[in-house]
Amino acid sequence: FEDIKTVADSNMQGTFNVLEFCRENKCNLIYSASSSKFGDGNENLSPYAWMKSKMVELIKNYHQWYNLEYEICYFFNVYGPGQISSGEYATVIGIFENAVENNEPIPIIGDGDQERDFTHVDDITLGLYKIYKKSLRNKEYFLGTGENHTILKVALMFSNNIKHLPKKVGERKSSIIPSNKNNQKIGWKSQIKLKEYIKQLKVSETF
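Small disclaimer: the values here were computed from a predicted structure and weren't measured.

Here is what the cut-offs are and how they apply
- Residues numbered from 1 in each chain as written.
- Predicted model: local features only at pLDDT ≥ 70, side-chain atom pairs only at ≥ 80, totals over all residues.
- Heavy atoms only, no water.
- Helix = DSSP H or I, 4+ residues; strand = E, 2+ residues; numbered from the N terminus.
- Rg over C-alpha atoms; globule rule 2.2 N^0.38 Å.
- Buried < 20%, exposed > 50% of the residue type's maximum accessible area, 1.4 Å probe, protein only.
- Contact = heavy atoms within 4.5 Å.
- Areas by Shrake-Rupley, 256 points an atom, 1.4 Å probe, with all protein chains shown as cover.
- Lys, Arg positive; Asp, Glu negative; His and termini not counted.
- Charge placed at Lys NZ, Arg CZ, Asp CG, Glu CD.
- Expected span 1.5 Å × (residues − 1).
- Patch = residues over 30% accessible without salt bridge, like charges linked within 9 Å, V, L, I, M, F, W, Y side chains within 5 Å.
- Salt bridge = Lys/Arg side-chain N within 4 Å of Asp/Glu carboxyl O.
- Axes fitted to C-alpha atoms, helices over the stretch in contact; angles between N-to-C directions.
- Left-handed = near helix turned anticlockwise from the far one by under 90°.
- Nonpolar A, V, L, I, M, F, W, Y, C, P; charged D, E, K, R; others polar.

So, about the overall build of the protein. The secondary structure content of the protein amounts to 7 helices and 9 strands. A compact globule built from 207 residues would reach a C-alpha radius of gyration of about 17 Å, and the protein, at 18 Å, matches this within 12%. Taken along its principal axes, the extent of the C-alpha atoms in the protein is 55 × 40 × 30 Å. Out of the 207 residues in the protein, the part that is buried amounts to 41%. For the protein, the share of sequence-separated contacts (at least 6 apart) that also reach a separation of at least 24 residues comes to 81%. In the structure as shown, the protein presents an accessible area of about 11700 Å², 50% of it carried by carbon and sulfur atoms. For the protein, the distance from the average site of its 26 positive side-chain charges to the average site of its 25 negative ones is 7 Å.

Okay, the environment of Arg-23 next. As for its position among the elements, Arg-23 is in helix H1 (residues 4–25). In the structure, Arg-23 is positioned 169 residues away from Ile-192 in sequence and 36 Å away in space, judged by C-alpha atoms. Apart from the residues lying within four places of it in its own chain, the contact partners of Arg-23 are Tyr-62 and Tyr-66.

Turning our attention to helix H2 (residues 47–66). Structurally, the α-helix is built with 3.6 residues per turn, so residues lying three or four positions apart point the same way. A rise of 1.5 Å per residue sets the reference length of H2, with its 20 residues, at 28 Å; its end C-alpha atoms lie 27 Å apart and thus fit the reference within 8%. Taken together, the buried positions of H2 are Pro-47, Ala-49, Met-51, Lys-52, Ser-53, Met-55, Val-56, Leu-58, Ile-59 and Tyr-62. Buried residues along H2 sit in contact with H1, strand E1 (29–34), strand E2 (70–75) and strand E7 (139–143). Looking one or two residues past H2, Asn-67 carries a phi angle of roughly 60°, positive in sign.

Right, let's talk about a nonpolar patch on the surface for a bit. Judged by side-chain polarity, Ile-30, Leu-126, Tyr-129 and Tyr-132 come together as a nonpolar surface patch covering roughly 420 Å² of accessible area. Summarising the element assignment, Ile-30 is placed in strand E1. Taking the relative accessible area as the measure of exposure, Ile-30 reaches 38% and is therefore partly exposed.

Below, the discussion takes up the packing of helix H3 (residues 92–101) against helix H5 (residues 151–158). Relative placement of two packed helices is described by the angle separating their axes and the distance separating the axes. Contact pair H3 / H5: the axes reach a minimum separation of 10 Å and the direction vectors enclose 35°. Along this stretch, H3 crosses H5, giving a crossing that reads as right-handed. Packed against H3, whose contacting residues are Val-92, Ile-93, Phe-96, Glu-97 and Val-100, the element H5 presents Ile-151, Val-154, Ala-155 and Phe-158 at the interface. The class makeup of the residues in the contact of H3 with H5 is 8 nonpolar, no polar and 1 charged.

Unusually for a residue other than glycine, Asn-67 sits at a positive phi of about 60°. Within the secondary structure layout, Asn-67 lies in the loop between H2 and E2. Look at Asn-103: it is not a glycine, yet its phi comes out positive at around 55°. Residue position: Asn-103 is located in the loop between H3 and strand E4 (106–109). By relative accessible area, Asn-103 is classed as exposed at 72%.

Moving on: the pattern of salt bridges. Inspection of the entire model under this criterion finds 7 salt bridges. Residue Lys-5 pairs with Asp-9 through a salt bridge whose shortest N-O separation is 2.9 Å. Separated by 4 residues within a single helix, Lys-5 and Asp-9 lie in helix H1, roughly one turn from each other. Accessibility expressed as a relative area gives 59% for Lys-5, which makes it exposed. Here Arg-23 ties to Glu-20 by a salt bridge, and the two come within 2.8 Å at their closest N and O atoms. With Arg-23 and Glu-20 both in helix H1, this residue pair falls 3 residues apart, about one helical turn. What makes Arg-23 partly exposed here is its relative accessible area of 33%. Under the relative-accessibility criterion, Glu-20 is labelled buried at 16%.

Printed below as a string of structure tokens:
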């Protein structure tokens, strides 16, 4: 909410610039959309969710207006190597890993009963590759596992040392994957389980 101008510059102006490049150079576009669009069935929960949703509309309009070929890929809480683990834009799993590494309590928002679907970055990259190779043209894909976890349950997979923080404005309660057969058509399904990923961390030097 405080960085709304940065969000707008990146997601709205940035996406427009890419669309114009694709139109002028006759490029196909693979767009990384956000699952935040489906949070609690309300795309207006935050500036980010709203802008990402509107950019999906803009891409589809570019198809209608300029015959732009596209693929829209929704990401669901991507985690794994290279994730941001500190700062305002840190990921949930990155924050939890960082807390454990530094012997600090794991911070969770509110009571932690909000649900999320977590997808490993290796599954995401495989999905994007398959979408590129087996393009269905102008379709949507939902790169999630289909398995929701509460934030509290995930935190407890790491440690019992939990710290509850005040609720945030715009915090969505649920994570929803709409019904869609396009994932099957390209032969993609997530393979890496969050619980197994955390187990591997615990037996590594990190934990």
